[in-house]
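Close look at the chain arrangement
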Amino acid sequence: MGRPEDSDASVASLAGHAGAAYRAHASTHLSPNRGPLARVRAAAQHSDDDSENDAEVSSDAQAPSPSTGTYPLCYPLAKPHCDRLAGKARPTMASEASTSLARSLCECALFVCGVVAVLIRMLHSVPEIRDKACMVIALSACVLVCFACHARHACGIWATQISRLRKTDPSDPLYALLLPLLSSAQLLDIAPEAMQHGGGALAPPWMQVGRRGTWRTDRVGASPDRIVGRGALHDLHVICAFVFCVHLMATQLARAYSKRRGSRAHEGPTSRLFMCFNTFSLLVAVAGVGVQLLARTSGYGHLVLSHTPTWATFLIAVLYQCLLFLCTRVARQNCTLGELAMICGVGTALWQETVMSTMARLVPSYARYYFREPSAIVLGQLALVAGMLLIGLVLSPLLVLSRNLAQRPTHRLRWPLKRNLHRRLLALSFFLLSVAIVLCVLSPWLAWQLHKRSAWLYFARFMLQGPHWWSRPALLVYWGLLCNTALLSIQLMVNRMWQYATVGDQVKASSRTLPPSTAPSVQPQRTVPTATERASTLAATQFAERGEREESTSLGPRVAVSVNGRRKFFHALAVLLFVPGIAWDPAFMHVAFSAAFALFVLCEYLRYCAVFPLGAMLHFFLSQFLDSKDCGLVILSHAYLLSGCAAGVWIESQSRITQQLGVLVLGVGDSMASIVGRQYGRVHWPLSNKTVEGTLGFVVSMTASVMVLRMLRLVEAFHTGALCTIMALLAVIEGVSEQNDNLVLPLSGIFLTSMIPLRR
């Protein structure tokens, strides 16, 4: 072990590097008179392509000096920076590339098997569904071409840089197929032959108030044509996947053309790239409409987007590409290409369903295009989630001003003494306008959809319409007790961390590390750091030092639970929170998941844009649970976890095992795989850093948990062999996939439960 002075100096150096890694958040929550803290933002001006972003780089900013005793509010590092700062030995580029390619080929084989299984079922279904097989075949061929191109040279989204994504893996384009395959399974499970046998795993449930054992909620409006509605959802995901492939191939062609000319593709001012992207997006949308019209005029309209109106095709393509551009600009380093395709596909489906529900209220014939059963809980979800996204879009100028004001150095402000006043005024304006949008736009829209019934009174009465009048209030009390206990535990742990996060101890040896000739004759007075600064410095130092291994604080004894342990703690909490509610009242859980997701989006607005006074507290709390996949400016792990747990309920699956699958996979299977692999893992899989012991822990824990639920009569009877097969396939996907497990595993599990019959 080295001397204490050396370790303190190295910690201070790591913290300084960690704060400089992302200048956009370097001084997000600084006090107005703490100028040295703000000067960290320009230390990362060497990054690839982000220098054009306004309000993110201070031209005269400098890295903080250890002698000042002050540190920035640090954000997580990108994975290469983490490995470099930790001194972690990186494998050679050739071996890493070969391993990645071999693993991607395994993922490709899994997707090919999924496509073949879907095509076999489609070809034996009714003609309306059989016609969809042509689009699945064409899309699969297009995705495989993109996979081959991406394996040779990394592709990206048109007019954006590939470095804006978290990483590039050869298998990324394959995940554009996941949502089309899932929508194909949903379409197959409502075919007449499937409904004759009680409905498939993803068939819509029977919704009715006043009957136990059902989704106790009101159906609103006319009943849709189930095949047309699910066919429209399938068309939407196919359109999105095709647009995604067009972007990947267009960037490949642009790179080849630029290479011949001796220039670099997608370079220039931000305004020029924005116009280039918009022009390209409109051309792609028009081309999609042209293909659809050509197929209909030539007599092949039943094979190409037969359940989607022409105007909807154009709208879907435009919406999807807008989300692609927005995510690559805002959520930089937060997602891979595969995750980007899935996130934008789900977002496009949500917006399109909102548009269709509005059109169905104006023109009743459009009710047949509903993706799900037109019920009050679906309309509530659209008002909550789509409405919160609308608030962020409309009030984005205020959020941008708040972010810029919080991160700009005090000495560069026009009215430095009024900084806090301006931040308070911006926060007040944001909250007041948000309330105005809710009361004047979202609430009247929802009341109009509910046939002029008050939305507030309706959902207040909805709280008493569970299996028993007291069941839903009791569930809320149960959640409150669990959440308060969990937050208290986290607070005690954080308070213990603060005891060792003293920045003064870190910078005490800074003067001793300076050469004698440069040491100042008079020590500058050390500024006492705030608790937030101390804890954020500790979090950044831990993140930089741990790499892929379980970290401990270098500022004192091993008193803090590892980041992996903290994350798995919340995964286990999700099991206790959600399993009873999904088993007894899935309709209420549908609304609760939507409200929680909208709340998470609002919290991210406040944190990312440093809205006074909650931004700093939210950032500090969420920074305790970041890992190597939370490398960007936006924190999405909690939203991913919630979405994965809610996936089986939001798609309104009829199988109770499918409804519980997302919670069990993330709360039990993934957690046990991580714990067993870290503690007892000795044998690694050939193409992955995952261990055989961790995979066995995943399969055994998942099978046992479903069997326990069966013993408690919370799920239906099932074939044990089929269940073990599904869990083994999920374990393989968890082992080879480099995408975020919170997204991939629940969606893959839902697809597998539909393709492999579980019921006896």
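The structure contained in this document is the topic of the report that follows. Just so we're clear, the structure is a prediction, and the values are computed from it rather than from any experiment. (Residues numbered from 1 in each chain as written. Predicted model: local features only at pLDDT ≥ 70, side-chain atom pairs only at ≥ 80, totals over all residues. Heavy atoms only, no water.)

What follows covers the overall build of the protein. Within the protein, the secondary structure is distributed over 28 helices and 0 strands. Accessible area of the protein: about 32,100 Å², with a carbon and sulfur share of 66%. (Helix = DSSP H or I, 4+ residues; strand = E, 2+ residues; numbered from the N terminus. Areas by Shrake-Rupley, 256 points an atom, 1.4 Å probe, with all protein chains shown as cover.)

Let us now look at the state of the cysteines. Per the stated rule, a full pass over the model turns up 0 disulfides. Between C106, a cysteine without a disulfide, and C108, which holds the nearest cysteine sulfur, the sulfur-to-sulfur distance is 9.9 Å. Taking the relative accessible area as the measure of exposure, C106 reaches 34% and is therefore partly exposed. Lacking any disulfide linkage, C142 is separated from the closest cysteine sulfur, that of C245, by 3.8 Å. With relative accessibility at 13%, the residue C142 sits in the buried group. (Disulfide = S-S within 2.5 Å. Buried < 20%, exposed > 50% of the residue type's maximum accessible area, 1.4 Å probe, protein only.)

Counting 179 residues, the largest nonpolar core has F244, L340, F578, F593 and F698 as the members making the most contacts within it. Element by element, the count of residues in this core is highest for helix α9 (residues 226-261), at 15 residues. Each residue touching L340, except ones within four places of it in the same chain, is listed here: I157, L165, L324, C327, T328 and C335. (Core = buried A, V, L, I, M, F, W, Y, C linked by side-chain atoms within 4.5 Å. Contact = heavy atoms within 4.5 Å.)

Let us look at unusual backbone geometry. Most peptide bonds take the trans configuration, and most residues that are not glycine carry a negative phi. Each neighbour pair has its own omega, and for F612 with P613 the value is 0°, a cis peptide bond. Along the polypeptide, P613 turns up in the loop between α22 (586-608) and α23 (615-622). Here H451, not a glycine, exhibits a phi torsion of approximately 65°, which is positive. Along the chain, H451 turns up in the loop between α15 (419-449) and α16 (455-462).

Turning our attention to the environment of E373. As for its position among the elements, E373 is in the loop between α12 (337-362) and α13 (376-394). With residues near it in sequence (within four places) discarded, E373 still touches P204, P205, M207, R219, R226, V378 and E652. For E373, the side chain forms a polar contact with the side chain of R219, separated by 2.9 Å. Among the polar contacts listed, one links the side chain of E373 to the side chain of R226, at a separation of 3.5 Å. (Polar contact = N/O pair within 3.5 Å; in protein donor to acceptor, adjacent residues only side chain to side chain.)

The subject of this paragraph is the packing of α12 against helix α28 (residues 741-755). The interhelical angle for the contact between α12 and α28, taken along N-to-C directions, is 65°, at an axis separation of 11 Å. Handedness of the crossing formed by α12 with α28: left-handed. For the pair α12 and α28, contact is made by E339, M342 and I343 and by L743, V744 and L747, respectively. Partitioning the contact of α12 with α28 into residue classes produces 5 nonpolar, no polar and 1 charged. (Axes fitted to C-alpha atoms, helices over the stretch in contact; angles between N-to-C directions. Left-handed = near helix turned anticlockwise from the far one by under 90°. Nonpolar A, V, L, I, M, F, W, Y, C, P; charged D, E, K, R; others polar.)

Moving on, we come to the environment of Y608. Relative to the helices and strands, Y608 resides in helix α22. For Y608, a relative accessible area of 13% translates into the label buried. Sequence spacing of Y608 and V634 is 26 residues, and the spatial spacing of their C-alpha atoms is 6.6 Å.

Here we come to the pattern of salt bridges. Scanning the model with the defined rule gives 11 salt bridges in all. Residues K132 and D235 are paired through a salt bridge, measuring 2.7 Å at the closest nitrogen-oxygen approach. Residue K132 is found in helix α6 (residues 132-152), and its partner D235 is found in helix α9; the two are separated by 103 residues along the sequence. (Salt bridge = Lys/Arg side-chain N within 4 Å of Asp/Glu carboxyl O.)

For the rest of this paragraph, the subject is the packing of α22 against α23. Contact geometry for α22 and α23: axes closest at 7 Å, N-to-C directions at 105°. Considering their axes alone, α22 and α23 lie roughly perpendicular with respect to each other. Residues C603, E604, L606 and R607 of α22 touch α23, and the partners they reach there are G615, L618, H619 and L622. Taken together, the residues that form the contact of α22 with α23 break down as 4 nonpolar, 2 polar and 2 charged. (Parallel < 35°, antiparallel > 145°, perpendicular 65-115°, else oblique.)

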